[in-house]
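So you can see what is in the structure, the chains are spelled out below.
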Amino acid sequence: MKTTWYCPLDLSTVVEEEEDGVIYTVVVKQQHGGPTSPFSSVSRSQCVKAGTEEKLVLHLLHSFSMGDSSFVTIFLSTYRSFTSTERVLDILTDRLENPPGESEKSQTRQSFNKAVCTVFRTWLMEYPEDFRTLREPSRLLRLAPLLPQDSSSAADLRSKVLAIAEELSERALLPDAHKGASLSDEGFSSPPPDASKFEAATILGFPAALIAEQLTKIEMELFVRLVPYHCLGSLWSQRDKKGREGVCWSVRATVRQFNKLANAVMASCLWNRALRSQQRARLLEKWISVAEECRARKNFSSLFAIVSALQSNPIHRLRRTWQDTDREAMRRYEELSQIFSEKDNYFQSRELLKEEGTSKFANIDNKLNNKHVNKSNAQGTVPYLGIFLKDLTMLDTAVKDRLDNGYINFDKRRREFEVLAQIRLLQSSCKNCVFSSDEAFRQWYHSVPTLREEESYRLSSDIEAPSEPSPRSNPPTVIITQCPSLSSSRISLAGDADSHADVHSPVNNLLSKLTKHMRSPSVSCLDVDTSPPPADSTPAVLTPSTPTKSHRRSASCGNNPLNNNVQGSTADMRIIRIRMDLHDGNLYRSILVTSNDKTPTVISSALEKHSQDPKQASRYELIQLLPEGKELVIPATGNVFYAMTSSSVDFLVKKKGGGAALGLHAVSTETSATFPRVKAKPKRLVRALF
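What this report covers is the structure whose coordinates are included nearby. Since we're looking at a predicted model, the values are computed, not measured.

## Quick word on the packing of aromatic side chains
- Evaluated as defined, the whole model comprises 20 aromatic pairs.
- A ring pair is formed by Phe-198 and Trp-271, whose centres lie 5.6 Å apart and whose planes are at 80 degrees; its orientation type is edge-to-face. On the criterion of sequence distance, the pair formed by Phe-198 in the loop between helix H7 (152–173) and helix H8 (208–225) and Trp-271 in the loop between helix H10 (249–270) and helix H11 (277–296) is long-range, its members being 73 residues apart.
- Take Phe-198: its relative accessible area is 4%, and that puts it in the buried class.
- Each ring, one from Phe-304 and one from Phe-340, has its centre 4.2 Å from the other, and the planes form 5 degrees; the classification is stacked. Taken together, the residues span a long stretch of sequence, with Phe-304 in helix H12 (residues 300–310) and Phe-340 in the loop between helix H15 (327–338) and helix H16 (347–356) at a distance of 36 residues.
- What makes Phe-304 buried here is its relative accessible area of 0%.
- Under the relative-accessibility criterion, Phe-340 is labelled buried at 0%.

As structure tokens, this is what we get:
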């Protein structure tokens, strides 16, 4: 099979060629000779677009000789999305048992041996946990004798494989109770704090710079340990599936720290109900100063956690406290909040990461910088991980895993790798950073009790009784707006390295088409909208005939002159969140809905995402969860895209005749993964995309 595209501007020809279970994208460039030379030169480069599982694995050994030097790095970063470590080892070991024969050229055998050593050495160095988490050593014991022995480095490689096999053998002899200390639990468990010993006002005694330094130390240690492939949409979306509790442990650790800090901010401001509003305002000012110090240290994760907590409903509603807060502190707070504005898909936050990601210091006013940080120490950058998780989840949702012929879509893995490479680049900036530990602050930080939603709102109401309905924000929404020029889309988030900062790279072009048209929610959730429903409110189930707010057709670019070339392919779509009325009813899955999708199609997709039988779609109904506890029942044969309202992207799939849906009453908002979404008004932490 051969497909050809011609690019006359640069005299290039792009060809797709299929050979032995692999589709290659081949670029042939022709350069004409000068006036004195009638001859022209031709260069040819190729990379894998798709292939069968076996052929993609075997291409690891041939990619260097074919000029596809990035294949090994991309494969090892993303292969867990379409195969397993055991399967890759089996395929490679089978090939090593049948190496190039003695009759073939010695150069071919030498190249083969070199490729084998390079692949396994890279794999062991970058992802040793893949080998150490094998259930038993038989595969490594089979592999080791087959590895080349023609150099000292090859011998060293064999020794490392045998050493890991020995570790696995020793672990297999241990009782089951002692086998568990896995990487997923290492260093992240701590006893619950004693609420009776918590002193909220103690935080005022610590300098803001010291607090920010300690938070940056905690965040940076977690970020350096982050395993980038744990952020892949196909893995992160399965984190709450039964039997997958240990999946993505490094992302979970970051999530827990984010929530812990947000909780510490809220608890310190709400715990002591006897404080006067002026005293409580000093606590707000302290955390604003800490946020500013985090900004100076390029600790965007802690910065976002603090800002999000201050924007949560229990704190936002404390009108008298905010009135007594210093005006200059309020001005700085608003500036810090703008960093995480969702405008243009977190454009400002991405731009800051691109500008400062690998720079030594934050790009802020020099006087402030000299005041906040020690210039003798270079600084790493700790990003808000939710931006990467959102990009990777959108990629996973929007791009097919396989081509129509069943081949694995490796182009998708290249796009995912571009995002993972940005994470690794930022990680490299953190590896040499050194911080001292302040035991007094760490003891206070770990003594903060965890506040549930009901407790937070009760404390807030005790401080200032609600004289009027508390401000409530709309649920997270995905709204397709007018279509700006795609060429102006800027989704890149790399540092100074050109190899990672190309705003026209495939992943950024793809995300431009999706995210430039969407004001999409952030990652996961930290529901602290603790305002209880009014006492006299009663749930209402709406049908399409029930009058509701005016429904825009998702502003699908119909009147926009810039849309003439879009043809509606990316305009008439939305990413919605669907949960099921199951034991894990709080677990949402993201689904891409187009203007052609009818209710049975969406229900089938939802059932499949929740590991249910999609053939049973006729037994279920689809309900949109609206603000104020209302519901909209989507007609059984309706077009979901046009039937849904623009006020919410949250849906529920439940069995027909199953009674009132969960969304009618006080919906539990606990989930295992928590990242907030910031909105300028009316400032609350909300359940978001995943």
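Having seen the structure, we can now continue with the description.
## Regarding the packing of H10 against H11
- Between H10 and H11, the least distance of the axes is 9 Å, while the angle of their chain directions is 155 degrees. Judged on the interaxial angle alone, H11 and H10 are roughly antiparallel. Between H10 and H11 the crossing geometry is right-handed. When H10 is examined against H11, the residues Leu-261, Ala-264, Val-265, Ser-268, Cys-269 and Leu-270 are found in contact with a partner set consisting of Arg-280, Leu-283, Leu-284 and Trp-287.
- Across the contact of H10 with H11, the residue classes break down as eight nonpolar, one polar and one charged.

## Quick look at the environment of Leu-222
- Checked against the element boundaries, Leu-222 lands in helix H8.
- Each C-alpha atom of the pair Leu-222 and Thr-254 lies 6.3 Å from the other, and the pair is 32 residues apart in sequence.

## With respect to the pattern of salt bridges
- Considering all chains together, one arrives at 32 salt bridges under this definition.
- Of the charged contacts, one joins Arg-414 and Asp-68 as a salt bridge, the two residues approaching to 3.3 Å between their closest N and O atoms. Highlighted residues: Arg-414 in helix H19 (residues 410–428) and Asp-68 in the loop between helix H1 (53–58) and helix H2 (71–78), separated in sequence by 346 residues. Each member of the pair, Arg-414 as well as Asp-68, is classed as buried.
- With its nearest N and O atoms 3.3 Å apart, the salt bridge here joins Glu-167 to Arg-132. Here Glu-167 is found in helix H7, whereas its partner Arg-132 is found in helix H5 (residues 129–132), with 35 residues between them in sequence.
- Ionic contacts of the salt-bridge type, sharing partners, join the residues Asp-396, Asp-401, Lys-412, Arg-413 and Glu-416 into one network.

## Points about the nonpolar core
- Of all hydrophobic cores here, the largest spans 129 residues; its most connected members are Phe-75, Phe-120, Trp-123, Leu-140, Trp-287 and Ile-306.
- With 13 residues, the top contributor of residues to this core is H10.
- Domain assignment of the residues forming this core places at least three in each of domain 1 (52–173) and domain 2 (195–359 + 378–465).
- In this view, Trp-123 contacts Leu-76, Tyr-79, Thr-85, Val-88, Leu-89, Leu-92, Pro-128, Asp-130 and Phe-131; residues no more than four positions away in its chain are not counted.

Calculation notes
- Per chain, residues are indexed from 1 in the order of the written sequence.
- Where local features are concerned, this predicted model is filtered to residues with pLDDT of at least 70; where side-chain atom pairs are given and counted, the filter is 80 or more; whole-chain, interface and lining totals use all residues.
- Side-chain measures here rest on the full set of heavy atoms in the structure, leaving out hydrogens and waters.
- Here the aromatic set is Phe, Tyr and Trp, taking the six-membered ring for Trp, and pairing holds for ring centres within 6.5 Å; pairs whose planes are under 30 degrees apart are stacked, those over 60 apart are edge-to-face, and all others are tilted.
- Note on conventions: DSSP H or I runs of at least 4 residues are helices, E runs of at least 2 residues are strands, and numbering of each starts at the N terminus.
- Accessible area is worked out with a 1.4 Å probe on protein chains only. A residue is then buried under 20% of its type maximum, exposed over 50%, and partly exposed in between.
- Only C-alpha atoms enter the line fits that serve as axes; for helices the fit covers just the stretch in contact. Angles between N-to-C directions range over 0 to 180 degrees.
- To sort the angles, those under 35 degrees are grouped as roughly parallel, those over 145 as roughly antiparallel, those from 65 to 115 as roughly perpendicular, and the leftovers as oblique.
- Two helices crossing with the near one rotated counterclockwise from the far one by less than a right angle form a left-handed crossing, whereas a clockwise rotation gives a right-handed crossing.
- A contact between two residues is defined here by any heavy atoms of the two lying within 4.5 Å.
- Residues are grouped as follows: Ala, Val, Leu, Ile, Met, Phe, Trp, Tyr, Cys and Pro are nonpolar; Asp, Glu, Lys and Arg are charged; every other residue, Gly included, is polar.
- The rule for a salt bridge is simple: a side-chain nitrogen of Lys or Arg has to be within 4 Å of a carboxyl oxygen of Asp or Glu.
- Here, nonpolar core means buried Ala, Val, Leu, Ile, Met, Phe, Trp, Tyr and Cys residues that are tied together by side-chain atoms lying within 4.5 Å of each other.
- Where a domain begins and ends is set by an automatic assignment or by a domain database.

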